[in-house]
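Report on the structure
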Amino acid sequence: MKLDPEAIREINEYAAGYDPDIFNEIMVEYISNSASLVGQLDDAFQQQNSVLLERTAHTLKGQGGAVGALAFSVLCGELELMAKSGNLTAVLELINKVKREYSEVKAALRFEIEQNYNIHGSK
């Protein structure tokens, strides 16, 4: 399972207290923002910019944890630490792992969005 069911449940409960569409809005916004950030990982590596790589990985780690993508968050944390050390020689393999995990997380989030739509519909 790519997403922590407890985190998904908490986001759903939060959204249900206001507007069930908020769940989908949160997830769509996450997918959009994180896609851009995942792309920045490649840019930072190409530029050998360890500071940008560290910051981007840190942001992805936090955002991933917030939507229940725990394995993704852990990988981003590893990437953050590797970038912080300044040793970018082995970082490309980890970036590729992060990108593969992100692809799976994105698919899982899209499934959750669809499930939420099927349960609550849309305004």
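What counts, and at which threshold
Residues numbered from 1 in each chain as written. Predicted model: local features only at pLDDT ≥ 70, side-chain atom pairs only at ≥ 80, totals over all residues. Heavy atoms only, no water. Patch = residues over 30% accessible without salt bridge, like charges linked within 9 Å, V, L, I, M, F, W, Y side chains within 5 Å. Areas by Shrake-Rupley, 256 points an atom, 1.4 Å probe, with all protein chains shown as cover. Salt bridge = Lys/Arg side-chain N within 4 Å of Asp/Glu carboxyl O. Helix = DSSP H or I, 4+ residues; strand = E, 2+ residues; numbered from the N terminus. Buried < 20%, exposed > 50% of the residue type's maximum accessible area, 1.4 Å probe, protein only. pLDDT = per-residue confidence, 0-100.

Some thoughts on a nonpolar patch on the surface
- On the surface, a nonpolar cluster with roughly 340 Å² of combined accessible area is contributed by Y14, Y18 and I26.
- Within the element layout of this structure, I26 appears in helix α2 (residues 21-46).
- Overall, the relative accessible area of 30% leaves I26 in the partly exposed class.

Quick word on the confidence of the model for the protein
- For the protein, mean pLDDT is 91; residues scoring 70 or higher make up 96% of the total.
- Averaged pLDDT values over the elements of the protein bottom out at 88 in helix α1 (residues 5-16) and peak at 97 in helix α3 (residues 50-66).

A few points about the pattern of salt bridges
- Tallying each qualifying case throughout the model produces six salt bridges.
- Put simply, E101 and K2 hold a salt bridge, and the shortest N to O gap is 3.0 Å. Linking E101 in helix α5 (residues 91-120) with K2 in the segment before α1, this pair joins segments that are 99 residues apart in sequence.
- E104 is the partner of K2 in a salt bridge, and the nearest nitrogen-oxygen pair spans 2.9 Å. With K2 in the segment before α1 and E104 in helix α5, this residue pair connects regions lying 102 residues apart in the sequence.
- Take E104: its relative accessible area is 40%, and that puts it in the partly exposed class.
- Residues joined in a network through salt bridges with shared partners are K2, E101 and E104.

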